[in-house]
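Each chain, written out:
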Amino acid sequence: MDAGTIIGGFAAVCTTLSSLPQLKKCWVTGSAGDLSLRTLLLHSTGVALWIGYGVFRGDWVIIISNAVSLVLLLGILYFKLRENRKVPA
């Protein structure tokens, strides 16, 4: 394994795990609170494009880490969209 793969793998773990605290907070509170829907959609689109790039390059580190990131982001998006659908009393 070369240094680039090790650095890329470590970067992938860091960026993938960065969504976990936010998803945990959404899960516990049932709310996505002050999160921006536009930002979440833009981030999710970027991560999906990274998956496509990984497929194009045949790089499993990019594909797997971004697939996990996308799943976590979709969880956060679920809470945000559910919150936006609620009708105010």
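Computed from a prediction, not measured in an experiment: that's the story for all the values here.

Caption draft 1: Quick look at the overall build of the chain. When you go through the chain residue by residue, the secondary structure sums to 4 helices and 0 strands. Its helices and strands in sequence order give the chain the pattern α-α-α-α, from N to C terminus. Once the C-alpha set of the chain is aligned to its principal axes, its extents read approximately 60 × 25 × 15 Å. Residue pairs in contact within the chain that sit at least 24 positions apart in sequence constitute 72% of those at least 6 positions apart. Counting only carbon and sulfur atoms, one obtains 70% of the accessible surface of the chain, whose full area is about 6,400 Å². Of note, the chain has its 8 positive side-chain charges centred 13 Å away from the centre of its 4 negative side-chain charges.

Caption draft 2: How the structure looks around the packing of aromatic side chains. Evaluation of the coordinates by the stated rule reveals 3 aromatic pairs. On the basis of an interplanar angle of 75° and a centroid distance of 6.2 Å, the ring pair of Trp27 and Phe79 is categorised as edge-to-face. Taken together, the residues Trp27 in helix α2 (residues 20–29) and Phe79 in helix α4 (residues 60–85) connect sequence positions 52 residues apart. Here Tyr78 and Phe79 contribute two aromatic rings whose centre-to-centre distance is 5.3 Å and whose plane-to-plane angle is 75°, an arrangement assigned as edge-to-face. The class for Tyr78 is partly exposed, based on a relative accessible area of 48%. Given the relative accessible area of 6%, Phe79 is considered buried.

The rules behind the values
Residues numbered from 1 in each chain as written. Predicted model: local features only at pLDDT ≥ 70, side-chain atom pairs only at ≥ 80, totals over all residues. Heavy atoms only, no water. Helix = DSSP H or I, 4+ residues; strand = E, 2+ residues; numbered from the N terminus. Contact = heavy atoms within 4.5 Å. Areas by Shrake-Rupley, 256 points an atom, 1.4 Å probe, with all protein chains shown as cover. Lys, Arg positive; Asp, Glu negative; His and termini not counted. Charge placed at Lys NZ, Arg CZ, Asp CG, Glu CD. Phe/Tyr/Trp six-rings, centres within 6.5 Å; stacked < 30°, edge-to-face > 60°. Buried < 20%, exposed > 50% of the residue type's maximum accessible area, 1.4 Å probe, protein only.

Geometric descriptors of this kind do not, in isolation, establish any biological role.
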